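# Residue-level structure breakdown
Chain by chain, the residues run as shown.
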Amino acid sequence: MSDHKHDSGHHGEGHHEQTFIEKYIFSCDHKVIGIQYLFTTMVMVVLGGTFALLIRLQLAWPDSSLVAKLVSTPDKYNQYLTMHASIMIFGVIIPSLVGAFGNFVVPLMIGAKDMAFPRLNMLSYWLVPPAVFVMLLGLVLPGGTAAAGWTSYPPLAGAQYSGVGQTGWVLAVIILGGSSTMGAINYLATILGMRAPGMTLLRMPLFVWAIFITSVLTLFATPVLASALTMQLLDRAFGASFFVHTAGGQPLMFQHIFWFYSHPAVYIMILPAMGIVSDVLAVFSRKPIFGYRAMIYSICSIAGFGFIVWGHHMFTSGMSPTLSTTFLITTFFIAVPSAVKSFNWLGTIWGGSLRLTTAMLWALGFVGMFAIGGLSGIYSAAVPVDLYIHDTYWIVAHIHYVLFGGSLMGVFAGVYFWFPKMFGRKMDEKLGKLHFWLTLILYNFVFMPMHILGLGGMQRRIYSWKIYPHLYQLQEINVFMTVSLIALGTVQAIFFWNIYKSLKGGEKVGNNPWESTTLEWQTSSPPIAHGNFEKIPTVYRGAYEYNSELGPYAPQTLPDDKVRSMAKA
């Protein structure tokens, strides 16, 4: 598996001329697969956003005849709610952070020619589109698609309450879990076995560390979810009774198994974004990352604690006070490494020579929004508070600040940062900054009022507020949020136009337009198709040598004397 001996099966000396299908469709090149993931998730985010719009239209104007045609029934509303969450989690956030950036960047960052198992890598991508298709197929089948939420709790997800669409959803998530597991094996093998000479573990960029720990989480957690869903599938299709209470099953057991996976899954969705933001902040602050080792230990701690806090999602399930107190304490502990990371990001930009590029703005936006989401999560971790706000819009606000304000802003930071490396052209900075500021403002218009709705007692999965008189006073807030969401969705057209415009005629750039130190910027833009580097690089130092005694920045691949010569030139 050594990168020097590595034969990916598609590159190396004497490779044959690839057809269009081999090169762009069923490619084994990690860079092509990364871009495939990226564009696939762009389609998925439009789809997931459309479901969100349908939900918000219903909540704002439940009496509208137009909305009645679009949403029609409470069951249809539940289907849209389920599809929105499922598509955004399984079709957008995880594939974009891990699939797109992990694939494109990780081998380049460690000086590898490709992933350890290129064909397995291709297969892991090609499992995603059919899985999403199966998930959505229920929309056109009698009985509709899944409507039990992305948590798929029994008995709501049982055969007596849901149709064949729910079975399709279960199959789709199992397939997507298989895809993630294949990817995790590939990342671990690549990072552990294919690093360039001199690239020790403590010289790796934090994004590589984030993907490494995320892969460990995926390997340990995803099979647990697969087992729960397999049992649910057996209940639905073959009359088993794992979660059927009338037949002696335990519906609550599903919740325990589900959250044993799904709380670590939150970190699968946020750790790679933290890695992207760490790298972007260091590059555009022109400073070494503050507390590099503390950041690594924090990532590891978050991953470890992630496996012992799942019960805080179930405080209202009737668990004993002793057990709920235990989960409360462990959940408070997990805030410590998260706070360490936040303080280290602030320490990185403090006193730096800030370059406020679009990527930097998105990274700063991530830090602010993640802090809000993290703080609201601390309230939810306290049992007395959670008993009041559980299953209200407070929780919806919390998860969207972490996974939209956090993860998706990390995705945008990554796109604007690595776009020049992917395509050899910069994205338009003016359009990028306009996109950022409008998104930041409108995003807060949509999600900040959710805290008020939650404290006002508005349930998170409610079809019509008109059922409950105590929600009447919240209606104007719902209308405001829906109008803001329409504007937020419209603003994203700027991003897609910027992508199109930049691909067609964006400013051409050299190998290292950001004057970065890491390995991906020490090869051509875009990197050569076969092997990434003309010659396997040798690594001389850590990833964040900015404004040191050697000069303004010290690429990892250059020895000290060449860095000094470069600084004098």
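Rules and cut-offs
Residues numbered from 1 in each chain as written. Predicted model: local features only at pLDDT ≥ 70, side-chain atom pairs only at ≥ 80, totals over all residues. Heavy atoms only, no water. Helix = DSSP H or I, 4+ residues; strand = E, 2+ residues; numbered from the N terminus. Buried < 20%, exposed > 50% of the residue type's maximum accessible area, 1.4 Å probe, protein only. Contact = heavy atoms within 4.5 Å. Polar contact = N/O pair within 3.5 Å; in protein donor to acceptor, adjacent residues only side chain to side chain. Axes fitted to C-alpha atoms, helices over the stretch in contact; angles between N-to-C directions. Parallel < 35°, antiparallel > 145°, perpendicular 65-115°, else oblique. Left-handed = near helix turned anticlockwise from the far one by under 90°. Nonpolar A, V, L, I, M, F, W, Y, C, P; charged D, E, K, R; others polar. 1 Å grid on protein atoms, 1.4 Å probe; cavity = no way out; pocket = protein on both sides within 12 Å on 5 of 7 lines; lining within 4 Å. Points joined across faces, edges and corners; volume = space filled by probe spheres on them. Phe/Tyr/Trp six-rings, centres within 6.5 Å; stacked < 30°, edge-to-face > 60°. Salt bridge = Lys/Arg side-chain N within 4 Å of Asp/Glu carboxyl O.

A separate point is the environment of Gln522. If you trace the backbone, Gln522 turns up in the loop between helix H16 (475–505) and strand E1 (546–548). For Gln522, a relative accessible area of 26% puts it in the partly exposed group. Once the C-alpha coordinates of Gln522 and Ala131 are considered, the two residues, 391 residues apart in sequence, prove to be 37 Å apart. Residue contacts for Gln522: discarding those within four places in its chain leaves Asn512, Ser516, Thr517, Pro555 and Thr557. Only 3.2 Å separates the side chain of Gln522 from the backbone oxygen of Ser516, close enough to count as a polar contact.

Let us look at the packing of helix H8 (residues 206–238) against helix H9 (residues 251–285). The geometry of H8 relative to H9 is characterised by a closest axis approach of 8 Å and an angle of 160° between their N-to-C directions. Classified by the interaxial angle, the pair formed by H8 and H9 is roughly antiparallel. Every pair of crossing elements has a handedness; the one defined by H8 and H9 is left-handed. Counted by class, the contact of H8 with H9 contains 23 nonpolar, 7 polar and 1 charged residues.

Summed over all chains, the structure comprises 3 cavities of 30 Å³ or more. Approximately 320 Å³ is the volume attributed to the largest cavity. Lining the largest cavity are 25 residues, with Ile94, Val98, Leu176, Ser179 and Ser180 positioned closest to its centre. Among the secondary structure elements, those contributing two or more residues to the lining of the largest cavity are helix H4 (74–110), helix H5 (118–126), helix H7 (164–193), H8 and H9. The residue makeup of the lining of the largest cavity, split by class, is 13 nonpolar, 12 polar and no charged.

Describing an aromatic ring pair means giving the distance of the ring centres and the angle of the ring planes. Taken as a whole and assessed by the stated rule, the structure comprises 47 aromatic pairs. Arranged with centres 5.0 Å apart and planes meeting at 75°, the rings of Phe412 and Phe495 form a pair that is edge-to-face. Pair noted here: Phe412 is in helix H14 (residues 393–423) and Phe495 is in helix H16, with a separation of 83 residues, a long-range link. Since its relative accessible area comes to 12%, Phe412 is described here as buried.

Structurally, Ser162 is set in the loop between helix H6 (128–137) and H7. Judged by its relative accessible area of 17%, Ser162 falls in the buried class. At a separation of 3.4 Å, a polar atom in the side chain of Ser162 contacts the main-chain carbonyl oxygen of Ala157. Here Arg236 takes part through its side chain, which lies 2.7 Å from a polar atom of the side chain of Ser162. Leaving out residues up to four positions away in the same chain, Ser162 has contacts with Leu156, Ala157 and Arg236.

Take unusual backbone geometry next. Across the junction of Pro154 and Pro155, the peptide omega takes the value 5°, indicating a cis bond. Considering the arrangement of structural elements, one finds Pro155 in the loop between H6 and H7. In this structure, Pro526 follows Ser525 across a cis peptide bond, with omega equal to -5°. Summarising the element assignment, Pro526 is placed in the loop between H16 and E1. Of note in this structure, Ser152 is not a glycine but carries a positive phi near 55°. Looking at where Ser152 falls in the secondary structure, it is placed in the loop between H6 and H7. Residues other than glycine seldom take positive phi values, yet Asn547 does so here, at roughly 50°.

Our focus in this paragraph is the pattern of salt bridges. For the coordinates displayed, the defined rule picks out 7 salt bridges. A salt bridge links Glu515 to Arg286, with the shortest nitrogen-to-oxygen separation between them at 4.0 Å. Of the two residues, Glu515 sits in the loop between H16 and E1 while Arg286 sits in the loop between H9 and helix H10 (292–305), which places them 229 residues apart along the sequence. Classification of Glu515 as partly exposed rests on a relative accessible area of 31%. With relative accessibility at 4%, the residue Arg286 sits in the buried group. Across the pair Asp391 and Arg460 runs a salt bridge whose closest N-O atoms are separated by 3.7 Å. On the criterion of sequence distance, the pair formed by Asp391 in the loop between helix H13 (383–389) and H14 and Arg460 in the loop between helix H15 (429–455) and H16 is long-range, its members being 69 residues apart. Residues joined in a network through salt bridges with shared partners are Arg286, Arg355 and Glu515.

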